[in-house]
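Examination of the molecular architecture
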Amino acid sequence: MPIPDIIIAIDGYSSTGKSSFAKLIAKELGFLYLDSGALYRGVTLYAVENSMIDDRNEVDVKALAGGLPGLDLHFENGPGGSLTYMGARCIEKEIRSLAISRKVSPIATLPSVREYVDAKLRELGRRKRVVIDGRDIGSTVFPDAELKIFMTAAPEVRAMRRMKEMQAKGEDVKFEDVLDNVRERDYIDSHREASPLAKADDAIVLDNSGMTLDDQMVWIRQVIAEKFGTE
Ligand code: DC
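As a starting point, this report considers the structure included with it. (Residues numbered from 1 in each chain as written. Predicted model: local features only at pLDDT ≥ 70, side-chain atom pairs only at ≥ 80, totals over all residues. Heavy atoms only, no water.)

1. Some details on the pattern of salt bridges
Taken as a whole and assessed by the stated rule, the structure comprises 14 salt bridges. Where E28 meets R221, a salt bridge forms, and the shortest distance between an N and an O atom there is 2.7 Å. Here R221 lies in helix α10 (residues 213-228) and E28 lies in helix α1 (residues 18-29), a separation of 193 residues in the sequence. A residue is classified by how much of its surface remains accessible, and E28, at 42% relative accessible area, is partly exposed. Judged by relative accessible area, which is 41%, R221 ranks as partly exposed. The network of salt bridges with shared partners includes D35, E92 and R96. (Salt bridge = Lys/Arg side-chain N within 4 Å of Asp/Glu carboxyl O. Helix = DSSP H or I, 4+ residues; strand = E, 2+ residues; numbered from the N terminus. Buried < 20%, exposed > 50% of the residue type's maximum accessible area, 1.4 Å probe, protein only.)

2. Topic: the sheet that holds strand β6 (residues 130-134)
Note: strands within a sheet are paired through backbone hydrogen bonds, in either parallel or antiparallel orientation. Taking strand neighbours across the sheet as the criterion, the five strands line up as β2-β6-β1-β7-β8 in an open arrangement whose pairing is parallel. Edge positions in the sheet fall to β2 (32-35) and β8 (204-207), since each has one partner strand and no second. Strand-to-strand twist in this sheet, taken as the mean axis angle between neighbours without regard to direction, amounts to 20°. Summarising the sheet, β2 and β6 pair through four bridges and their orientation is parallel. Pairing of Y33 across the sheet is with V131, part of β6. Sheet strands in contact with α1 are β1 (7-12), β2, β6, β7 (147-152) and β8, and its direction is about 165° off that of β1. Packed on one face of the sheet, helix α6 (residues 111-125) meets β1, β2 and β6 and runs near 160° to β6. (Pairing = 2+ DSSP bridges. Axes fitted to C-alpha atoms, helices over the stretch in contact; angles between N-to-C directions. Contact = heavy atoms within 4.5 Å.)

What follows is the structure, encoded as structure tokens:
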């Protein structure tokens, strides 16, 4: 039986490999992959370029909220998958920079920004057959998503993965510092006022501490087969 028209929500802690997993599931099922973090990053780039956030991460909330209705962030298909665009401009590379990563947290806590991103995601999700990753997709944005996964892994395992990623980019980092950062981000993500990271009651927990991406695909195929009676 083919897979029905569903929404798959993948939430969880940072550095659990949500986006790699979500992309692979989307590819296998022929679904659209939506990266909610990319939209928060796109809004952050917009705020930076329009001097709406300063060096101390103080945000001109009013100016930003005023600009959001005219901000065209969307995804387009590129050679390596979906790419993030601001109007006609591809911003995929800029939004992954360290400068944006450092500013995205305060931007993502603003209710006006969360409303903007949620509205975009709901519009894109209306067609179903999407895999969306984030922090609050199953709990807030799509509480009726047919399949919700909540990803977690031991902080030490996530810190090791992150350290390897950073070292591959030529950054010289100490394990203890990366581990501290992982713990700090867990705390901020789980304790912020607007839409904190939270497991939806009906989400299935995936602790991938000892799993490869292949192991996770075997796991999800089984979950989907059991839940939707597909082969
Ligand atoms: O997944 P990411 O690192 O690209 O996310 C960027 C930021 O956006 C991160 O600080 C958490 C935030 N975010 C969020 O608050 N809610 C989401 N649904 C997705 C991301």
